[in-house]
Structures are given as structure tokens and as C-alpha cells.
Amino acid sequence: MSSPTVSTKLQRIAEQAVRDPGRVFTTLAHLIDVGFLKEAYHRTRKDAAPGVDGVTAEEYGKNLDENLRNLHERLRTGRYKAPPVKRVWLYKDDGGKRPIGMTAFEDKIAQRAVAMILGAVYEQDFEDFSHGFREGHSPHQALREVREKCKEGGAWIVDADVAQFYDSLDHALMLKIVKRRVNDGALLRLIGTWLHAGVMEGITPIHPEKGTPQGGVISPVLSNIVLHHVLDRWYVRDVRDRLRGRSFLVRFADDFLIGCEREDDARRVLAALPKRFERFKLAIHPEKTALILFRKGSTFDFLGFTHFWARSRQGYWVIKRKTARKRAAPRSAANLAVVSGSSARETAGTV
């Protein structure tokens, strides 16, 4: 159960963020006291593998109050140093490998505390169609919204893929985006510490020049903040009202779809997306991005499911979904055929 004191602090921040959407918060770090850290501890998973220090959640909890007082003192005095993330590799079904990051348990508590602060501010800004890693949102909501929007007339689907999003995030740009709402020096230094903590493979630390911390609690929050600015806000303020027909955007973390009622609108969006992301040193994957005419006989994949039209038991055409198969090729020939002959590069005008 959440601490009343912590809940009150977070609620006050949220209320201030709602009252003044243009406010930049500059004094928030002082709210993270021992009680705040204890609440962060309770909100942190206890069953994950230990990080580089080998300390488990159970071991840390044996002297919890003393450990949290020590952590608070280091955070308060600016002496906290984030340990590198332990990285291991798992094989995927297609024969490739994906990295798994194991963060030290104490570092998770510190990250959770900062994530709680950032969330209290940014949850008031985030759009309702953003469903990834947010309280009260889920993949099921995103899938349900996609189905409903497609039924309303989203026949043309811009199925986009951000190339290596989490590994490509520019540190300086990320902090610049965060500063638009939270410009607290202590919190920014902490975030910078996590961005530069590096990863440990074997006995050799690696310090990537870009990307978010693997396996870190703070990573989903930072990625949502970045994509809110790069994609969500851009779509709402600069794209949606300039299109000639209805449209929608549904996003779960870095997976997103943009649906358009009209083909010309969809092609304008498809042409504009790479340019928008390039401004923030991100790339839309050209081979994994397609424009799909979603009609009977065509499909698209989203969040691990293939969406398709089928008849119901009553004989009506409805949108159904099934578990997606791993694609051997970037796109099916049927879907690629929609784009051929009028590529995004050939489309005149941008949104």
C-alpha cells in the first residue's frame, strides 16, 4: 500500500503540472527522503536476478532502514555513483541474440524514486493513445484501440519501425527534452549518471555513447518522454488537423501505428516520419516500415499479434487477431505491393 506522505507529494506535483502545462519544475529532488525511498523499494520487483554487486532483494531487505538511510545520504550529497549494468545475451527464435540487462537492486530503488517524480509530472502531459509502461494502461488497451479505430475507417496503416530505438537515443538530446518540464540539477545529474554507467560483460565495462540503461527502471520513463515529444505531441499539434480525413495514432513504447482514412494522407505521414525522427538522431527502418491497405485479405502485425478481417459466426465482417509468426522477410509481398509505384520518396509534400 502506498505511503500517504509519498502519495501526497506525488499528487501535489501532478496537480501543479495540470494547472500549469508550461511550468518547468526546478526543485523536486528534495522530495526524495528515506520514506520516499522506502516506497520506491516497495514498488520494486524482488524476484529479478542480482546485478554486478551480486546483492539480492532479500539480502538488501535484511537491513532495509540502514541501507535506505545510507542510500539517501549518498543521493542527498551527490555522492551516489551508479554501478554498470550486468549484461547477458539470449538467443532469439530467428537465431539472433538480444541483450538482457541486470541492474543492481539498490540502483533500481534509486531509479524507481526518480521515475516516480518524473511520472507525476509527465503523466499529466502524455496522450491517452500512449499505452506503454504506464499505470492504468496495458497492451490489451492498445490492441483494443487499434481494432476500434480500424473499424471506424483507418483503412490505410502506416506500420513503422524505429531502428534500434533504445540503443540509439542521444544522451544530450534526451536530457534537453526532459528539461522542457523538469530542470532540477540533482535529478538531471542522476539521470546522467545512469546514462553513463555503462554495461558489464565479463570483467570489462563498456560505456556506450548513446542509448538508455538496459533493464533499468528509468529507461521506459525516459523513452516515453522522448517519444511523447518526438512523435505524440508532433502528431497532435502538427499532423492530425492538417490531414484531409480521419486518422489515429496508437503507441506502446516504441511500437506504434498510424491509421488514415485516406491514402494521400497516409503517404504524406509516411514521407514525413523519417524526417521528423532524423531531427532527433533517430531513424525509421526503411525495410521494416510499410504502408498497408488494410482490407479483406491483407494483414498487419502489432504487439505480437497479426490483425486480419474475418467473418463472425453471424456472418458479419469483423477484425480478429492471432499470434504473429516470426517473419523471415521484412514484409510480405502482398503488403509491399501497396507501396510499390508510389514510394514515400516520390510523394510530394510533407505534413
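Residues numbered from 1 in each chain as written. Predicted model: local features only at pLDDT ≥ 70, side-chain atom pairs only at ≥ 80, totals over all residues. Heavy atoms only, no water.

### Description of the environment of L227
Heads up, the rule is: A run of H or I in DSSP counts as a helix once it spans at least four residues, and a run of E counts as a strand once it spans at least two, with each numbered from the N terminus. Throughout, exposure labels follow a simple rule: accessible area from a 1.4 Å probe, protein chains only, divided by the maximum for the residue type, with under 20% read as buried, over 50% as exposed, and the rest as partly exposed. The contact criterion used throughout is that any non-hydrogen atoms of two residues lie within 4.5 Å.
By the element assignment, L227 lies in helix α10 (residues 218-239). Owing to a relative accessible area of 1%, L227 belongs among the buried residues under this scheme. Counting along the chain gives 12 residues from L227 to V239, while the straight-line C-alpha distance between them is 15 Å. With near-sequence residues (within four places) excluded, L227 lies in contact with F165, D232, R251, A253, D254 and F277.

### Considering the nonpolar core
Most often, soluble globular proteins have nonpolar side chains that are buried together. What counts here: Nonpolar cores were defined as sets of buried Ala, Val, Leu, Ile, Met, Phe, Trp, Tyr and Cys residues, with membership established by side-chain atoms within 4.5 Å.
In terms of nonpolar packing, the biggest core is built from 81 residues, with L28, I109, V114, L118, F256, L273 and F277 touching the most fellow members. In this structure L28 touches I13, I117, V121, V182, D184 and L187, once residues within four positions along its chain are discounted. Counting 14 residues, the second largest nonpolar core, distinct from the first, contains L143, C150, V250 and I292.

### Remarks on the side chain of S168
This is how it is decided: Any pair of nitrogen or oxygen atoms within 3.5 Å is treated as a polar contact; in protein, a donor-acceptor pairing is required on top of that, and neighbouring residues in sequence qualify only through side-chain atoms on both sides.
Tracing the chain through its elements places S168 in helix α7 (residues 165-168). Looking at S168, the relative accessible area reads 14%, which means it is buried. For S168, the side chain forms a polar contact with the main-chain oxygen of Q164, separated by 2.6 Å. Beyond its immediate sequence surroundings of up to four residues, S168 is in contact with A163, K210, G211, K281 and L282.

### Overview of the packing of helix α8 (residues 171-178) against α10
Selection criterion: Note on geometry: axes are C-alpha line fits, over the in-contact stretch for helices, and angles between N-to-C directions span 0 to 180 degrees. Each angle is binned into one of four classes, with values under 35 degrees roughly parallel, values over 145 roughly antiparallel, values of 65 to 115 roughly perpendicular, and all other values oblique. Charged means Asp, Glu, Lys or Arg here, nonpolar means Ala, Val, Leu, Ile, Met, Phe, Trp, Tyr, Cys or Pro, and polar covers whatever is left, Gly included.
One way to put it is that α8 packs onto α10 with a least axis distance of 10 Å and a crossing angle of 80 degrees. Here α8 is positioned roughly perpendicular relative to α10, judged by the angle of their axes. Contact residues: α8 offers M174, I177 and V178, while α10 offers L222, I225, V226, H229 and V230. By residue class, the composition of the contact of α8 with α10 is 7 nonpolar, 1 polar and no charged.

### Let's talk about the packing of aromatic side chains
Let me state the cut-off plainly: Planes of paired rings set the category: under 30 degrees apart is stacked, over 60 is edge-to-face and the rest tilted, where pairs are Phe, Tyr or Trp rings (Trp by its six-membered ring) whose centres lie within 6.5 Å. Note on geometry: a ring has a charge over it if NZ (lysine) or CZ (arginine) is within 6 Å of the ring centre and within 35 degrees of the ring normal.
In this structure the tally under the stated criterion is 9 aromatic pairs. Ring geometry for Y60 against F105: centres 5.6 Å apart, planes inclined by 65 degrees, an arrangement best described as edge-to-face. Taken together, the residues Y60 in helix α3 (residues 57-62) and F105 in helix α5 (residues 105-122) connect sequence positions 45 residues apart. F105 gets classed as buried once you look at its relative accessible area, which sits at 5%. Pairing F165 with Y166 gives two aromatic rings, centres 5.2 Å apart and planes at 75 degrees, and the pair type is edge-to-face. On the basis of relative accessible area, F165 is assigned to the buried category, the value being 2%. Exposure remark for Y166: the relative accessible area of 25% places this residue in the partly exposed category. For K46, the ring lying beneath its charged end belongs to Y41, and the centroid distance is 4.5 Å.

### Comments concerning empty space enclosed by the protein
Leftover empty space is mapped by rolling, across the atoms, a probe with the size of a water molecule. Defined as follows: Residues are called lining when one of their atoms sits within 4 Å of a cavity or pocket point, these points coming from a 1 Å grid over the protein atoms alone, where a cavity is a set in which a 1.4 Å probe fits but cannot get out and a pocket is an open set with protein on both sides within 12 Å along at least five of seven lines. Grid points are joined across faces, edges and corners, and a volume is the space filled by probe spheres set on the points.
The final tally for this structure, using the stated rule, is 2 cavities of 30 Å³ or more. In this model, the largest cavity occupies a volume close to 60 Å³. Around the largest cavity, the lining is made up of 13 residues, and of these A48, A49, A57, F105 and K108 lie nearest the centre. Here the second largest cavity is characterised by a volume of approximately 50 Å³. Forming the walls of the second largest cavity are L169, D170, L173, M174, I177, V226, F280 and L282. The dominant element in the lining of the second largest cavity, judged by the number of residues it contributes, is α8, at 3 residues. Here the lining of the second largest cavity is composed, by residue class, of 7 nonpolar, no polar and 1 charged.

### Some points on the environment of A197
Topologically, A197 is positioned in the loop between α9 (185-195) and β4 (199-201). Taking the C-alpha atoms as reference points, A197 and A82, 115 residues apart in sequence, are found 5.9 Å from one another. Ignoring any residue separated from it by four or fewer positions in sequence, one finds A197 in contact with A82, P83, P84 and H207.

### What to know about the pattern of salt bridges
The condition that has to hold: A pair is scored as a salt bridge if a Lys or Arg side-chain nitrogen falls within 4 Å of a carboxyl oxygen belonging to Asp or Glu.
Taken as a whole and judged by the stated rule, the model has 16 salt bridges. Across the pair R76 and E73 runs a salt bridge whose closest N-O atoms are separated by 2.7 Å. With a gap of 3 residues between them, R76 and E73 both fall in helix α4 (residues 64-76), about one helical turn apart. Accessibility expressed as a relative area gives 30% for E73, which makes it partly exposed. The residue E106 makes a salt bridge to R74 at a minimum N-O spacing of 2.8 Å. With E106 in helix α5 and R74 in helix α4, the pair connects residues that are 32 residues apart, well separated along the chain.

### Some remarks on the sheet that holds β4
In plain terms, the rule: DSSP bridges decide pairing: two strands pair if at least two such bridges lie between them.
The sheet built from 4 strands is open, its strands ordered β2-β1-β4-β5 with mixed pairing. Where the open sheet ends on each side, the last strands, each with one partner, are β2 (97-102) and β5 (204-206). Strand-to-strand twist across the sheet, computed as the mean angle between neighbouring axes with direction ignored, equals 40 degrees. As judged from the 6 bridges shared by strand β1 (residues 85-91) and β2, these two strands associate in the antiparallel manner.

### Focus: the environment of T323
Structurally, T323 can be placed in strand β11 (residues 317-323). As for T323 and F302, which are separated by 21 residues in sequence, their C-alpha atoms are 9.8 Å apart. Setting aside residues up to four positions removed in sequence, T323 forms contacts with G304, F305 and T306.

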